[in-house]
Amino acid sequence: MKRDLILVVEDEIDIAEMVTYNLERWGYAVQVCSTGEEGLQVASSGPSLILLDLGLPGISGAEVCRRLKGKQATQEIPILVLTARGHETEVAACLDLGADGYLAKPFGLKELASRIRTMLPDDPAGRT
Ligand code: CA
């Protein structure tokens, strides 16, 4: 059985661990990156979905979003933006760039689970 791989780009260790713990519990494979540069590298391996924090050290989440959505190899990967309060401009920029949705921190686990389910591409071949 092939599990969907979710790439988590998040520099806050507590949030990354909490999200990873729950994603694995829900049956997903998870890879965590703590910088945008690392996230871009791993994204080229084709995860099913990317959870992207906006406030990252080095290149910003918005810039990561721009690069991912600007490249043919990665533009189809759904991106769910994670953002702290007060980053409305950056969130809007990401949505304009093609991000598929966002969650404001602190977010609830049920909301996270539901967003991920609806954003994952359908698997017409079934999970065999
Ligand atoms: Ca952050």
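Higher on the page you've got the structure.
Here is a short report on the structure shown in this document. Source: prediction; values computed, not measured.

With that settled, consider the environment of Ala-16. Here Ala-16 is to be found in helix H1 (residues 13–25). Separated by 94 residues in sequence, Ala-16 and Lys-110 place their C-alpha atoms 16 Å apart. Every residue in contact with Ala-16, bar those within four places of it in the chain, is listed here: Glu-10 and Val-32.

As a further point, take the environment of Ile-15. Examined against the element boundaries, Ile-15 turns out to sit in helix H1. For Ile-15, a relative accessible area of 18% puts it in the buried group. In contact with Ile-15, other than residues within four places in its own chain, are Glu-10 and Lys-105.

Okay, the pairing of strand S2 (residues 29–33) next. Examined bridge by bridge, strand S1 (residues 5–9) and S2 share 5 bridges and lie parallel to one another. By the bridge assignment, Val-9 is partnered in S2 with Cys-33. Between the parallel pair S1 and S2, the chain is carried across by H1, and the sense of this crossover is right-handed.

A few words now on the sheet that holds S1. The parallel open sheet is built from 5 strands, whose spatial order is S2-S1-S3-S4-S5. Each having just a single partner strand, S2 and strand S5 (101–104) make up the two edges of the open sheet. Between one strand axis and the next, the sheet turns through 20° on average, direction left out of account. Bridge count for strand S4 (residues 79–83) against S5 is 4 bridges, and the pairing is parallel. Within the sheet, the bridge partner assigned to Leu-80 lies in S5 and is Gly-101. Taken strand by strand, helix H5 (residues 109–119) contacts S1, strand S3 (49–53), S4 and S5, and its axis lies near 175° from that of S5.

In this section: H5. All buried positions along H5 are accounted for by Leu-112, Ala-113, Ile-116 and Met-119. Along the axis of H5, the buried residues cluster in a sector spanning 140°; they form a single face. Counted as exposed and oriented over 90 degrees from the buried face of H5: Lys-110, Arg-117 and Thr-118. In this structure, the buried residues of H5 make contact with S1, H1, S3, S4 and S5.

So, on to the pairing of S1. For a regular strand, side-chain orientation follows a simple rule: the groups alternate between the two sheet faces. Counting buried positions along S1 gives 4 out of 5 residues, so the element sits mostly inside the fold. By the bridge criterion, 4 bridges tie S1 to S3 in an arrangement that is parallel. Bridge pairing in S3 places Val-9 opposite Leu-52.

Our next topic: unusual backbone geometry. Between Lys-105 and Pro-106 the backbone carries a cis peptide bond, its omega angle lying at -5°. Its place among the elements puts Pro-106 in the loop between S5 and H5.

Quick notes on the rules
- Residues numbered from 1 in each chain as written.
- Predicted model: local features only at pLDDT ≥ 70, side-chain atom pairs only at ≥ 80, totals over all residues.
- Heavy atoms only, no water.
- Helix = DSSP H or I, 4+ residues; strand = E, 2+ residues; numbered from the N terminus.
- Contact = heavy atoms within 4.5 Å.
- Buried < 20%, exposed > 50% of the residue type's maximum accessible area, 1.4 Å probe, protein only.
- Pairing = 2+ DSSP bridges.
- Right-handed = clockwise from strand over helix to strand, strands pointing away.
- Axes fitted to C-alpha atoms, helices over the stretch in contact; angles between N-to-C directions.
- Arc of directions from axis to C-beta.

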